[in-house]
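Next come the chains, spelled out residue by residue.
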Amino acid sequence: MTSQPRFGRGLFGTGVLLGLMAEQVVMFAVPLLLFQDTKQVSTLGFAFALEWLPGLIAYPFAGLIADRDGGARLFSVVTGARALALAVVVLVLLTRPGWTTPALMTSGAVLSVLVAPTRMSVEKMVPQLAAGEAMARTQALVQNMELLAMALGPALATLAAALIGKVWLLAVAASVFALAAACWLPLPRGERPTEPVTARATLRELGLGWKLMTGNRPVLLLGFLNFGINLVVASVLSANAALVTGVFAAPDWSFALLNTCVGVVGLVNLLVIPLVLKRFEVSLLGALGFAVLCAALLLIGVAGSFPVYAVLFIAVLTGTAYYNVFNRTQRVKVIPREHLGKVMGPFYLLNLLSYPIAGLLVGSVGATYGPQRLVGVLAVVLSVFGAVLLPLTMRSFRRTLTDRERLPVGVQS
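Reading the values: rules and limits
- Residues numbered from 1 in each chain as written.
- Predicted model: local features only at pLDDT ≥ 70, side-chain atom pairs only at ≥ 80, totals over all residues.
- Heavy atoms only, no water.
- UniProt positions renumbered as here; feature names shortened; annotations may be inferred.
- Salt bridge = Lys/Arg side-chain N within 4 Å of Asp/Glu carboxyl O.
- Helix = DSSP H or I, 4+ residues; strand = E, 2+ residues; numbered from the N terminus.
- Axes fitted to C-alpha atoms, helices over the stretch in contact; angles between N-to-C directions.
- Parallel < 35°, antiparallel > 145°, perpendicular 65-115°, else oblique.
- Left-handed = near helix turned anticlockwise from the far one by under 90°.
- Contact = heavy atoms within 4.5 Å.
- Nonpolar A, V, L, I, M, F, W, Y, C, P; charged D, E, K, R; others polar.
- Buried < 20%, exposed > 50% of the residue type's maximum accessible area, 1.4 Å probe, protein only.

- By the naming in an unreviewed UniProt entry, the protein goes by MFS transporter and is assigned to Streptomyces graminearus.
- Quoted straight from UniProt, the Subcellular location (unreviewed entry) entry for the protein says "Cell inner membrane".

In structure tokens, the structure reads:
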């Protein structure tokens, strides 16, 4: 391995980590500010839904832009825009405190739109930086950066909240976003297409992305499975602040400590997952992660105290991390590299459609019958659904990859 690819992967990983840390700071500050301003679980749920709806529409277009741009340039521009958006929100909150709830909900929608091209940039860059056996390790790096950010982000947020207050946390997040954008500036940039981009060409490429996704059986099955998983996990994330500080009556610092503990487990996973991948197939890691995820979600539905809930919450996100190594590694193998962004845009839309639905469920059913009971019911449905769909998905990936290996050299599937 030469020093240049290693340096590129270092900048790539650092940029991803810093961007995710900033997201964690925002995810710490905004729910607490909203819940303290309104004292209503329904506000958290509806804010979560509003935050994700605009981003869903953006994903297919973001995938096209990532294919045309190559990834690095797009990440820097969009992450810089996220920094600017947060700076504007801080200014509004400082000068107009009465606008707290509408300002935070509006900023959530804006940041959601900007998340889409960020995610597509990461998807596009991974195959450019790694191939073969290094692909799974690089995908594991991305997943573990998410967990590591959950340790560093809330820790940074807790310290800053004690020193400067929750509103200024958003200014800290803006600064971290700016640093993340700078990290990707030296990364290789793809050549932009020379032909003019027209509305007809854009619609044609969007249609091609949907056609390629729906015609790719393992990717389509994976998308439906991810939808089910995300629906339940998003319900937990949407209601997390209310569960911690409301249902279990824990103090604010417990909310930060909980996410920090998840991140500490991520540090362990950063060391463990590469070792596991050397001895076991990535499919086994995915099955293990799904089993841990479902078991923890079922137990959350009957948890009676914050310490028990905290352990189960950590288990949920750890299981999700293990499953996602399988999820991210396998899908890239069966999607043509030149069309990766076009396919991943609709794929993300299908996956993340569950997020606003989860927010609406928490804001309506969860507010009426309790978020904990809602999570328990959804966990039962996911366990049954996944027990059928996960084996089908894994079998479809194996069949597709085996068929591709049998193709003669030079034949494109």
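Next comes the rest of the account.
## Considerations on the pattern of salt bridges
Part 1 of the argument: Evaluation of the coordinates by the stated rule reveals 4 salt bridges.
Part 2 of the argument: One salt bridge connects arginine 119 with glutamate 23, and the closest N-O pair in it is separated by 3.0 Å. Taken together, the residues arginine 119 in helix H4 (residues 100-129) and glutamate 23 in helix H1 (residues 3-38) connect sequence positions 96 residues apart.

## As for the packing of helix H8 (residues 217-247) against helix H13 (residues 354-369)
A pair of packed helices is captured by two measures, namely the crossing angle of their axes and the spacing between those axes.
Part 1 of the argument: Direction vectors running N to C along H8 and H13 enclose 45°, while the axes themselves pass 8 Å from each other. By the angle class used here, H8 and H13 are oblique. In this structure, the crossing between H8 and H13 has a hand that is right-handed. Taken together, the residues of H13 that come into contact with H8 (itself represented by Phe227, Asn230, Leu231, Ala234, Ser235, Ser238 and Ala239) are Ser354, Tyr355, Ile357, Ala358, Gly359, Leu361 and Val362.
Part 2 of the argument: Tallied by class, the residues present in the contact of H8 with H13 amount to 9 nonpolar, 5 polar and no charged.

## Observations regarding the side chain of lysine 124
Part 1 of the argument: The topology assignment puts lysine 124 in helix H4.
Part 2 of the argument: What makes lysine 124 buried here is its relative accessible area of 12%.
Part 3 of the argument: Once residues lying within four places of it in the same chain are set aside, the contact partners of lysine 124 are Ala66, Asp67, Gly70, Gly71, Arg337, Glu338 and Leu340.

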